[in-house]
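A look at the structure
Residue-level listing of the chains:
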Amino acid sequence: MAEPDSGVPPLPTRSHLCDVLLGDAGWYADERVEMEFYVNENTLKEKLNIIFIKNHRSSVRIRLFTLALKFLSCVLYMVRAELDDPSEGFGCWGCEKKNFTSHKVLNYIDWGPIIWVNRSTPLWACQVVLALIGILETLLFNYLNYKGNVWEQVLSVSLMLEVFISGPFIVMIFWPKLRNLFIPVFLNCWLAKMALQNLIHDLHRAIQRTHSAMYNQVLILICTVACLMLTFICGFQHLERAVKHISIFHSLYFCIVTFSTVGFGDITPNIWPSQLLVVIMVSVALIVLPAQFEGLAFLWMERQKSGGTYSRYRAQTERHVVLCVSSLLADILMDFLNEFYSDARLQDCFVVILCPADMDGQVRRVLQIPLWAQRVLYLQGSALKDQDLDRVKIDQAEACFILTSRNDVDRTAADHQTILRAWAVKDFAPNCPLYVQILTPENKFHVKFTDYVVCEEEVKYAMLALNCVCPAVSTLITLLIHTSRGQEGQESRELWQQTYGRCSGNEMYHIRLEDSKFFKDYEKKSFTYASFHAHKKYGMCLVGVRRLDSKAILLNPGSKYILEGSDTCFYINITKEENSTFISQQQQQQQQQKQQQAKQHDEEKELTKSPTPNGSFAKSYAPATNKHIFGHVEEMALDMQQFRNRSLSEESSEEDDWHLAKSPSLYISPPSTNESYRLHLSTLDDLKEENDLSNDYDSRGNDAGWVIDDPPNFPYIGSSPTLCHLLRERAPFCCLRLDQGCEHNSFKDARAYGFHSKLIIVSAETAGNGLYNFIVPLRVYYRPRLELNPIVLLLDNQPSKEFLEAISCFPMVYYMVGSIDNLDTLLQCGIVQAATVVVVDKESTMSAEEDFMADAKTIVNVQTMFRLFPNLNIITELTHQANMRFMQFRAKDDYSRLLAKLEKEEKEKGSNLAFMFRLPFAAGKVFSVSMLDTLLYQAFVKDFMIPIIRLLLGLDTTKGSGSLCVMHVTQSQMRFNTYGRLYGHLSASTGEIPIGVYRTENHSVMSESQISEAVKQDDSSDGTLLTRFNSVRWTNHKVRRSQVITSGDASPESQKFERWQLAKYVKTRMEQLGLPTKGYDETSEQENTLSYVLINPPSDFSLALNDIIYLIRPDPMADLPTSHGFGGLGSRTSTTKCYHEAKRY
C-alpha cells in the first residue's frame, strides 16, 4: 500500500549508538533551545516603570511623597514671606542692604522689593533640596512616559512649571549672587494638585475600589479653588511689598472679600501690578469655576437619579432590605410598603430599592410622602453589577426581594432577567435570604436554591381552578394574605359590610404549643378536639401543625393526631396570641354597660332576654355584641368566670362519656383507634358502588379505563406529583379537539358529547404550562368521579404537542381554538351547558400604552358575556385591581355608587383592602394577579405562609395533610343553628375543620311591617337583629332612590324588551349553528343578590340555608393500611381500589 504524499520531512534515522543509549534525549539534544520570557522587563527603563508606575503600592508611596514635597515647598514660601520685612532693607546683586522707604505716589514703583527678597541660608538650602528632588522626579516620569514624541513631553504643563519653579534654584548653586532672587514657589500648589489626582488614581488601583465621579469632581473643584486662592494670596502679598508690607492673613482676608464680591475697601491694591493681578485672577475664576460648578451640578443631578449609596455605617447600625426590580410602578411600590410595614417589628427597617430604570414621576411622589421619605431609598443600578450590589450593601441586608415585571410582552424573557438577578445576588452575598417572584412555572427550577419562591402562574391557575368548585376561594386567599385590623366597613350602616370587614382582619399565625396560653391545655389531646375547643373558647381556628423534627406542615392531620408540647400550631385569628389578653369579668361588665347606655336613645323597645332550653341565656363564649363581635382577641376571649367550672367538670369526664356527632352537641371526643380505619373501609365500599353506577359516565368509553395515579407526563421541571384521576390509555390528540370530529367520534360541539355534569370553560391566549395547574386541582384523587366537571380549554392559539401530551392522560379535558369575543365559538364550546367560565388575562394586552387600559378588552368581552348569559358564573382575571369596579358594570345602579364611595373612604383611611367591598370581588367573580404579591412580602415575617397557601390550593401534597373543600348547608344541617355547633359536629364526625362561610343574601326591599314583626319575634339580647333591621331601612331608602333614578331612563318594559332582544339574538345564532336552544336561560340577571366571604366567624354566628362552609378535610389516605393496595401510591391501581372521600351531605 503506497503511502500518501506529505510535506513533512521524514524523521532522521536513529542509527547512532548515542541515540540508542540516550533515547529521545540524545536525539533531541541538538534541537532544543532554552527560552527566556519577559526579557523586556530586564531593561532599566522597564524596571523603573514597574517601580514608579505599574506597581500600585510603590506608585502610591511615590505619589504621596511627591505631594508632601510640594506641600512643604508652599509652606516654606509662606514662612519666608512672613519673616521677610521689606522695611528692613533687601539684598540685591552686588549691593549692600538699604533702608526701605514707602512711596505714596502710584505712578512710581520701586521694583526692588518685588525682584529681591531676604532668604535665610537654612531656608534657601531646604528649597534647593526640594527643587532638585522635584525636577529630577519630573524628568524621570517624563522619560518613563516617553512614547516617541519628544515635543509632547517637553511641552507638558508639569515639566514646564517644574522647570520654571525649580530651575532658578539649580542656577543659584552655581551663581550664589542670585540667592535672594524672587521665585514664585507658591505655584507648586498646582503641581501638588496634579500629584493628588495621580495619588487618588493609583490608590483606586491599589485597593480595587473606585469612588464615584461625584467624589472626584468635588475633589477637583476643592483643589482648584484652593490653588486659585493660594496663588492670589501669595501673588497679591508679594506685589504689595513695593508699597507696604501686608501679612499672609490680611492677603487671605482681601482674597475672600474680593471673591465673595463683598468689597469692604479697607484693603485695596495700590499699584498697577497688584491691580492687574486682581483682574487676571477674577477673570480666571469667572472662567474656571463656573465650568467646574457646571460639571458638579450635572453629576449631582445624575447622583440624584441614581440615588447615591447606602453607607456602610448605616448598614452596620440599621436594619434594611433590598428590593430589586426591572421597572417599578407606584401601585407595586405601595403594595410592598403597606404590607411590609404592617408588622410592628419592621417599623425601624429601611427599604433600599435597586432599579435600572429612571425613577418614575408617580414613584417620586410616593417617596416624597413623609411616611416613606425617611425609610425608603431609591438607587438606580443593576443587580448584575457588583458595584451596585455593594452600593446597596446587600451583603449586610436582612433580605432581598426580586420581583419580575409582569407587564412585559415576553414573560419568559422577564423570568430570565429575574433568574440572572437571583444568581448575581447569590454569588455576591451567599448568606442574604432571597425572596423571588417568577412568572412561568418552567423557569422555577432555576431558582430553587432561593429561600422563598412564588410562581405567579402556578398559584393563579390553581386558585382559579378551585374557584370553580369552591366559590370565592380567590377572595378567601386574598383576604388571608393581606394584613388588616378588621376595621374596614365599621362605619357603614349595612350589617353585611360590618361583618365582612371584621372577618377580613383574620390572618394566619403560628406559636409553639408549650408557649401558648390558649393551646397548652390541649397537650396530649387530639387535633380536632383542640381545634373545636380553641374556637369555642377563644375564637381561634386551629388549622395546622408541625412537628419539631419535621419541616412539613400538616393541615388538619385528623383526629388521630395527638398534640405535643413541642409542636408548632398554625391558627387563624384576628391577631396573634402575643397581642391578646384575657378580659376580667369586671371589665367586661363595664363594656356591656357602656354599650347599653349607647343604645338607650334608640326609640325601639328593649329586647327581653329569652332563656335557652338548657336554662342558660343564649350567649356566645366569643363576643356577641355588634360593636365588638370580632374586635381584638381580648374582646373575643371567653368569660372565664362564667363557664370555667362548667368546662372543667365536663372535660374531666370527656374521655369516658362522649356523644358521637350525630347529635348537635358542642363537645366532641377523640375518635377510637379503629374508627378511622372503619371509615376507610366503608368509603371503599361506597366507591365500588359508585363505579358500578357510573359505567356509562362518558359516551366515549373512557370510564372503563380510569385509574388513580401520578400523571405520567409533567409539562415542566419542578411540578409537584399529585395523585389524580387518569385515563388508563392516553386519548388520541384528535379526540382532544372539541369542535372537530375524527375517526373515533363525530362530535363537533359540547352538547353532542352528552356530559352528565356542567362544563368548566377556560379562556386563555396560549396553552402555557400554567394551565396544567388548572387541570390538576380539578382531577385530584379525593374528588368523587361523579362530581368531576368536563374541562374545555378555549385557546386563541393552537397548543403545542408537548402540552397535548401532558393533558391527554386526564379524563374529560378538551380544547378548542377560538376567542370569547366570538359568539359562535362560545356556543360551540358549550357555554349554555357551562357551570363556570374562567377568563384568564391575555399576555398580549398586559403592556398597553396606558397602564390601566391593559384590561379594556377583557372587561368588555366579559361584560358582553354577562349581558348575553346573565346567570352564568364568570370568573375573570385582571391585570390591575383598580379595574374591578368595571366588572358587571351598571351605569344607573345607585348601590354601586355607594360602594364606590365606601371604597374611597377606606382608601383615605389607609386601608390595604379598600377594594374588598366591590361586589364582584366579594363574591369571588374577579381576581387580580397583583394581589398575590403580598404572599411573597408576608413570607419575610411569616415563613410558613407560602407552604400553607400551596397546601390549601393543592399545589403541594403531604402525606397526612388535609385539603380545602366546601360543604353546602342543607335543611338537615340547619338543626345545628350556629357556626359553633356545626364546627363541633364536623370535627367529631368526619374530622373536618371549618375555616369560613360563603354567604349569598337577597338584597331586596323589605316592608316596614315585616321589619316590625321580625323585631317583635327577636329573642336575642344584644340588639344585633335590631341593628340589622335599622340597616335594612336605610338600604330600602337607597334602593327605592335607585329605582327612582333608574326609572327615568329605563322602564321595566324597556328592560324586558332589551332582554328579549338579546335572548332572541342568541337563539338565532344557535339555530343557525344547528344547536338546540333547549337549556338556554332567558331570565334576567339577579340584581338584588350579593355574596361575600366570612373568615373564621364566631361560634354564635347564625347559619342560613344554602350557606357554603369552607372545610379543611383530612387526608383520606393518611391512615389507610398498605394491605389495601395504597402503600405504593405510584402504581396504577384500578378504580375499584381507589380511595376517595365520599360525599356526605
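Here, the structure is the one placed above.
The model shown is predicted, which means the values in this text are computed figures rather than measured ones. (Residues numbered from 1 in each chain as written. Predicted model: local features only at pLDDT ≥ 70, side-chain atom pairs only at ≥ 80, totals over all residues. Heavy atoms only, no water.)

Attention shifts here to the overall build of the protein. Assigned secondary structure in the protein consists of 39 helices and 23 strands. For the protein, with 1145 residues in total, the buried portion stands at 52%. Expressed as a percentage of contacts within the protein between residues at least 6 apart in sequence, the contacts between residues at least 24 apart total 75%. Surface exposure of the protein reaches about 54,600 Å², of which carbon and sulfur atoms provide 55%. (Helix = DSSP H or I, 4+ residues; strand = E, 2+ residues; numbered from the N terminus. Buried < 20%, exposed > 50% of the residue type's maximum accessible area, 1.4 Å probe, protein only. Contact = heavy atoms within 4.5 Å. Areas by Shrake-Rupley, 256 points an atom, 1.4 Å probe, with all protein chains shown as cover.)

Before going further, it helps to examine helix 36 (residues 979-989). Counting buried positions along helix 36 yields nine of 11 residues, so the element is predominantly enclosed. Turning to helix 36, its buried residues number three or more, namely Tyr 979, Gly 980, Leu 982, Tyr 983, Gly 984, His 985, Leu 986, Ser 987 and Ala 988. Packing partners of the buried residues in helix 36 comprise helix 22 (527-538), strand 8 (541-546), strand 19 (963-968), strand 20 (993-1002) and strand 22 (1108-1113). Once helix 36 finishes, Gly 991 follows within two positions and takes phi at roughly 75 degrees, a positive value.

Taken together, Trp 111, Ile 115, Trp 272, Leu 276, Ile 280 and Val 284 make up a surface patch of nonpolar side chains, about 550 Å² in accessible area. Looking at Ile 280, the relative accessible area reads 41%, which means it is partly exposed. (Patch = residues over 30% accessible without salt bridge, like charges linked within 9 Å, V, L, I, M, F, W, Y side chains within 5 Å. Salt bridge = Lys/Arg side-chain N within 4 Å of Asp/Glu carboxyl O.)

This part covers the sheet that holds strand 7 (residues 507-512). Spatial ordering of the open sheet is given by 7-10-8-9, a layout of four strands whose pairing is antiparallel. Looking at the sheet topology across the chains shown, the edges are occupied by strand 7 and strand 9 (554-555). (Pairing = 2+ DSSP bridges.)

As a further point, take the pattern of salt bridges. Here the structure, examined in full by the defined rule, presents 25 salt bridges. Between Lys 70 and Glu 162 there is a salt bridge, with its nearest N and O atoms 2.7 Å apart. Taken together, the residues Lys 70 in helix 4 (residues 56-83) and Glu 162 in helix 8 (residues 157-174) connect sequence positions 92 residues apart. On the accessibility criterion, Glu 162 (1% relative accessible area) is buried. Note that Arg 1113 is salt-bridged to Glu 992, the shortest N-O span being 2.6 Å. In this pair, Arg 1113 is assigned in strand 22 and Glu 992 in the loop between helix 36 and strand 20, connecting sequence segments 121 residues apart. It is possible to trace a salt-bridge network through shared partners that takes in Arg 406, Arg 411, Glu 456, Glu 457 and Asp 933.

Right, let's get into the packing of helix 4 against helix 6 (residues 121-144). One way to put it is that helix 4 packs onto helix 6 with a least axis distance of 10 Å and a crossing angle of 145 degrees. Once helix 4 is placed against helix 6, the crossing between them reads as left-handed. Note on element contacts: helix 6 touches helix 4 through Leu 123, Cys 126, Gln 127, Leu 130, Ile 133, Gly 134, Glu 137 and Phe 141, opposite Ile 62, Arg 63, Phe 65, Thr 66, Leu 69, Lys 70, Leu 72, Ser 73, Leu 76, Tyr 77 and Arg 80. Classifying every residue of the contact of helix 4 with helix 6 gives 11 nonpolar, four polar and four charged. (Axes fitted to C-alpha atoms, helices over the stretch in contact; angles between N-to-C directions. Left-handed = near helix turned anticlockwise from the far one by under 90°. Nonpolar A, V, L, I, M, F, W, Y, C, P; charged D, E, K, R; others polar.)

Spatially, 15-14-13-16-17-18 is the arrangement adopted by the six strands of the open sheet, whose pairing is parallel. Looking at strand neighbours, the two that pair on one side only are strand 15 (813-817) and strand 18 (926-928), the edges of this open sheet. On average, each strand axis in the sheet is inclined to that of its neighbour by 15 degrees, with strand direction left out of account. Docked against the sheet, helix 31 (residues 856-868) engages strand 16 (834-839) and strand 17 (873-878), running at close to 175 degrees with respect to strand 17.

Once that is clear, we can look at the packing of aromatic side chains. For the structure shown, the criterion picks out 37 aromatic pairs. Taking the centre distance of 5.3 Å and the plane angle of 5 degrees together, the rings of Tyr 753 and Phe 755 count as stacked. Take Phe 755: its relative accessible area is 17%, and that puts it in the buried class. Three or more aromatic residues joined by ring pairs form one cluster here, namely Phe 336, Phe 340, Tyr 341, Trp 372, Phe 401, Tyr 435, Tyr 452, Tyr 937 and Phe 940. The residue whose ring lies beneath Arg 314 is Phe 350, and the NZ or CZ to ring-centre distance is 5.0 Å. (Phe/Tyr/Trp six-rings, centres within 6.5 Å; stacked < 30°, edge-to-face > 60°. Lys NZ or Arg CZ within 6 Å of the ring centre and 35° of its normal.)

Let us look at the nonpolar core. Among the nonpolar cores identified, the biggest contains 201 residues, and Phe 401 and Phe 774 are the most heavily contacted of them. Broken down by element, this core gets its largest block of residues, eight residues, from helix 19 (residues 456-469). Not counting the four nearest positions on each side in its chain, Phe 774 is found in contact with Tyr 461, Leu 464, Ala 465, Cys 468, Ile 760, Val 762, Ile 791 and Val 838. Counting 25 residues, the second largest nonpolar core, distinct from the first, contains Leu 354, Val 392, Ala 397 and Ala 429. (Core = buried A, V, L, I, M, F, W, Y, C linked by side-chain atoms within 4.5 Å.)

Bringing the side chain of Lys 444 into the picture now. Topologically, Lys 444 is positioned in the loop between strand 5 (434-438) and strand 6 (452-455). On the basis of relative accessible area, Lys 444 is assigned to the buried category, the value being 12%. For Lys 444, the residues in contact, after removing those within four places along its chain, are Ile 438, Val 453, Cys 455, Glu 458, Gly 718 and Arg 950.

We now examine the side chain of Glu 137. Structurally, the position occupied by Glu 137 is in helix 6. In this structure Glu 137 is buried but unpaired, with Arg 63 as the nearest side chain of opposite charge at 6.0 Å. The contact partners of Glu 137, leaving out residues within four places of it in the chain, are Ile 62 and Thr 66. (Lys, Arg positive; Asp, Glu negative; His and termini not counted.)

This next bit is on unusual backbone geometry. Unlike most non-glycine residues, Ala 472 shows phi in positive territory, near 60 degrees. Under the relative-accessibility criterion, Ala 472 is labelled buried at 2%.

Before going further, it helps to spend a moment on a negative patch on the surface. Negative charge collects at one region of the surface, where Glu 514, Asp 515, Glu 523 and Glu 578 lie side by side. Turning to its location among the elements, Glu 523 is positioned in the loop between strand 7 and helix 22. Overall, the relative accessible area of 35% leaves Glu 523 in the partly exposed class. (Charge placed at Lys NZ, Arg CZ, Asp CG, Glu CD.)

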